[in-house]
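Spelled out from the first residue to the last, the chains are:
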Amino acid sequence: MSVQVQEHDGAQAARHLHPAGAAGAARQFNDVSYTSDDGLTLYARDYPGHSGPARLPVICIHGLTRNSGDFDELAPWIASLGRRVLALDVRGRGQSARDPDPAHYNPAVYAGDVIKLAHDLGIERAVFVGTSMGGIITMTLALRRLKLIAAAVLNDVGPVISQKGLSRIATYAGKGATMMSWEQAAEYMRDINQPAFPSNDMAEWNKWARRAFSENDAGQLVLHYDPNIALPLRTGKLKPSSWMSRLAFRRLARNRPTLLVRGSLSDLVEQEQASYMQRAAPAMQYAEVPGVGHAPMLTEAPARQAIERFLGQVD
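These numbers were taken from a predicted model, which means no experiment stands behind them.

**Here's the deal with the overall build of the protein**
- The number of helices and strands found in the protein is 10 helices and 12 strands.
- Principal-axis analysis of the C-alpha atoms places the extent of the protein at approximately 50 × 50 × 40 Å.
- Every one of the 315 residues in the protein was classed for burial, and the buried ones make up 55%.
- Considering only intrachain contacts with a sequence separation of at least 6, the fraction spanning at least 24 residues in the protein is 70%.
- In the protein, 34 side chains carry a positive charge and 31 a negative one; their mean positions are 8 Å apart.

**Some remarks on unusual backbone geometry**
- In this model, His294 is joined to Ala295 through a cis peptide bond whose omega is -10°.
- Along the chain, Ala295 turns up in the loop between strand S12 (285-289) and helix H10 (301-312).
- Phi is positive for Ser132, close to 50°, though the residue is something other than glycine.
- Within the secondary structure, Ser132 sits in the loop between strand S6 (126-131) and helix H3 (133-144).
- Ser132 gets classed as buried once you look at its relative accessible area, which sits at 11%.
- The phi dihedral of Asp315 falls on the positive side, at around 95°, and the residue is not glycine.
- Inspection of the secondary structure puts Asp315 in the segment after H10.
- Looking at Asp315, the relative accessible area reads 58%, which means it is exposed.

**Here we look at the side chain of His62**
- Summarising the element assignment, His62 is placed in the loop between strand S4 (58-61) and helix H1 (74-80).
- Within polar-contact distance, the side chain of His62 engages the backbone oxygen of Arg66 at 3.1 Å.
- For His62, the contacting residues outside a window of four places in its chain are Asn67, Ser68, Phe71, Leu88, Asp89, Val90, Arg93, Thr131, Met133 and Gly134.

**A look at the side chain of Arg91**
- Here Arg91 shows up in the loop between strand S5 (85-89) and helix H2 (107-120).
- Accessibility expressed as a relative area gives 1% for Arg91, which makes it buried.
- Side-chain polar atoms of Arg91 contact the side chain of Asp113, separated by 2.7 Å.

**Digging into the pattern of salt bridges**
- According to the stated counting rule, one finds 14 salt bridges in the structure shown.
- Arg66 serves as the salt-bridge partner of Asp70, at 3.3 Å between the closest nitrogen and oxygen.
- Connected through salt bridges with shared partners, the residues Asp72, Glu73, Glu204, Lys207 and Arg211 form a single ionic network.

**Focus: the pairing of strand S11 (residues 258-263)**
- The element S11 is extensively covered by neighbouring structure, given that six of its six residues are classed as buried.
- Residue alternation in S11 divides its side chains into two sets, Thr258, Leu260 and Arg262 and Leu259, Val261 and Gly263, and both sets are buried.
- In this sheet, S11 lies alongside strand S7 (residues 149-155) in parallel orientation, the contact comprising four bridges. Note that in S11 the partner of Leu154 across the bridge is Leu260.
- The handedness of the S11 to S12 crossover, carried by helix H9 (residues 271-280), is right-handed.

Rules and cut-offs
Residues numbered from 1 in each chain as written. Predicted model: local features only at pLDDT ≥ 70, side-chain atom pairs only at ≥ 80, totals over all residues. Heavy atoms only, no water. Helix = DSSP H or I, 4+ residues; strand = E, 2+ residues; numbered from the N terminus. Buried < 20%, exposed > 50% of the residue type's maximum accessible area, 1.4 Å probe, protein only. Contact = heavy atoms within 4.5 Å. Lys, Arg positive; Asp, Glu negative; His and termini not counted. Charge placed at Lys NZ, Arg CZ, Asp CG, Glu CD. Polar contact = N/O pair within 3.5 Å; in protein donor to acceptor, adjacent residues only side chain to side chain. Salt bridge = Lys/Arg side-chain N within 4 Å of Asp/Glu carboxyl O. Pairing = 2+ DSSP bridges. Right-handed = clockwise from strand over helix to strand, strands pointing away.

Below, the structure is given as structure tokens:
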């Protein structure tokens with residue numbers, strides 16, 4: 001096996017218990033380190049489910065420039081419902097290793113990494129929560145390993161996305177911003193995200209900054225990802241749609257319970273794209289988060305209510 005066990009709990013991963021913020025024990029998680037098929041050391045947070053009847057685990061996958069920290073409120077809440085939750089750092093982000101070959105920053109490789117993690121942890125089926133790029137990875141998994149997916153939440157993403165949103169993301173993704181203080185970092189997060197989250201206050205932007213930036217050896221704050229992850233976007237290889245993405249979505253949403261969560265202000269999944277998804281998969285469930293753009297944090301009341309109902313239908 002390519003992973004080691006720190007705690008003698010039978011799981012095939014190196015683990016360290018961490019309190020994830022002020023909520024203390026309610027937000028505890030284990031560090032999981034595993035090795036990809038091509039030799040990269042990758043990372044995930046593992047939140048044990050609270051006691052209760054056995055339920056399928058949940059695997060949370062973040063967006064393009066984000067990391068597992070985006071789920072530091074959602075994951076413990078789902079764990080409190082009795083489900084184990086894994087929140088991944090996709091390769092090139094957070095505590096996962098950067099890939100020396102930027103060509104590997106693509107959904108097919110990312111999906112392979114998820115399959116490897118599930119294999120190493122002995123997970124045969126899981127519910128997936130995919131935000132933006134994480135949803136694209138989930139749809140890609142539906143083509144490669146549908147049996148791994150028990151159900152899926154697609155957070156503000158689909159097989160057809162708006163060029164407007166892609167163009168906006170391209171203005172900042174991979175630009176390698178460096179800040180000299182946490183106040184600066186919070187202002188940066190506000191500047192690029194405020195149109196989508198007009199109600200956020202500075203306390204919230206500070207929280208976002210702590211997730212998005214890390215301190216380097218020179219004491220500077222740098223974005224917690226490899227700038228090369230944005231190459232497919234900057235070079236135009238990431239398209240608003242393709243026949244493959246539409247096939248992947250249909251395979252997922254017509255064969256597995258699927259919930260689309262959309263921000264009402266989203267410029268990536270506008271009403272046109274959401275309507276296409278509803279026509280292509282009439283059984284798909286839908287929830288809209290008012291006053292929020294791309295992508296909801298899934299801590300908003302409408303999102304949580306929809307996710308709790310959805311999870312209650314799984315197993």
